[in-house]
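Below, each chain spelled out in residue letters.
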Amino acid sequence: DGNPLALGLAAARAAMLSPVQIEKRLTAEAETRLSLLDGRSGAGSVSSLRDAIGWSFELLGTSTTRIAARLSLFETAFDIESAEQVGRLPRETGSGTDVLDALDALRAASLVRTSSDEDGGVRLLMEPNVRAFARALLRNDPLRAEIVEAFVHSMGATAKAALSPLRPGLRARS
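Read on for an overview of the structure. What you see is a predicted model; the values in this text were computed from it and never measured.

One non-glycine residue, S110, lies in the positive phi region at around 60°. Of note, S110 is situated in the loop between α7 (99-108) and β2 (113-116). Overall, S110 belongs to the exposed group, its relative accessible area being 59%.

This is the structure:
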């Protein structure tokens with residue numbers, strides 16, 4: 001991810017692991033990656049990447065944390081509209097934090113990055129280590145099945161919209 005804390009924690013392992021071994025662990029599953037980046041300093045300090053990410057999540061409100069967990073389903077960059085479809089289920093309308101406000105809080109906390117797409121829209125990206133932490137939170141969400149369904153629906157609509165210029169007879173459905 002280019003995270004300075006992660007780089008420092010990985011470098012601290014250089015006495016015991018070769019660069020190839022460190023790289024292999026950094027590209028492994030999320031739990032292996034986060035355990036490699038587990039520091040060994042005293043209590044009360046942020047000594048691991050997991051601690052740093054957890055501390056950042058603790059500073060967010062409950063609704064923003066819930067939305068971040070839901071957004072962890074996106075493996076790649078996503079747009080605001082997709083985030084809104086996945087971040088807030090239809091039956092939750094009018095309750096809790098607005099998805100746009102949550103996205104802004106996540107960006108301010110450096111838990112998502114933004115960039116511009118070729119159409120001038122904003123794309124968001126959750127880095128792999130943050131995504132792994134947030135996805136662990138999603139496992140405990142009682143609405144997980146509905147959230148995954150909303151994600152699949154969002155991705156289907158995105159795919160149809162992307163294909164429509166290529167296939168004139170194909171129309172995006174809601």
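Okay, back to it.
Attention now moves to the sheet that holds β2. Strand order in the open sheet formed by three strands is β1-β3-β2, with antiparallel pairing between adjacent strands. One side of each edge strand has no neighbouring strand; the edge strands of this open sheet are β1 (78-79) and β2. Two strands pair when backbone bridges link them, and β1 and strand β3 (residues 122-125) are joined in this way by two bridges, in the antiparallel orientation. By the bridge assignment for β3, D79 is matched with R123.

Further remarks concern the pairing of β2. As paired elements, β2 and β3 share four bridges and run antiparallel to each other. Bridge assignment links T114 to a residue of β3, and that residue is L124. From the end of β2 to the start of β3, which pair antiparallel, there are five residues, and G120 there has a positive phi angle of about 85°.

Conventions used here
- Residues numbered from 1 in each chain as written.
- Predicted model: local features only at pLDDT ≥ 70, side-chain atom pairs only at ≥ 80, totals over all residues.
- Heavy atoms only, no water.
- Helix = DSSP H or I, 4+ residues; strand = E, 2+ residues; numbered from the N terminus.
- Buried < 20%, exposed > 50% of the residue type's maximum accessible area, 1.4 Å probe, protein only.
- Pairing = 2+ DSSP bridges.

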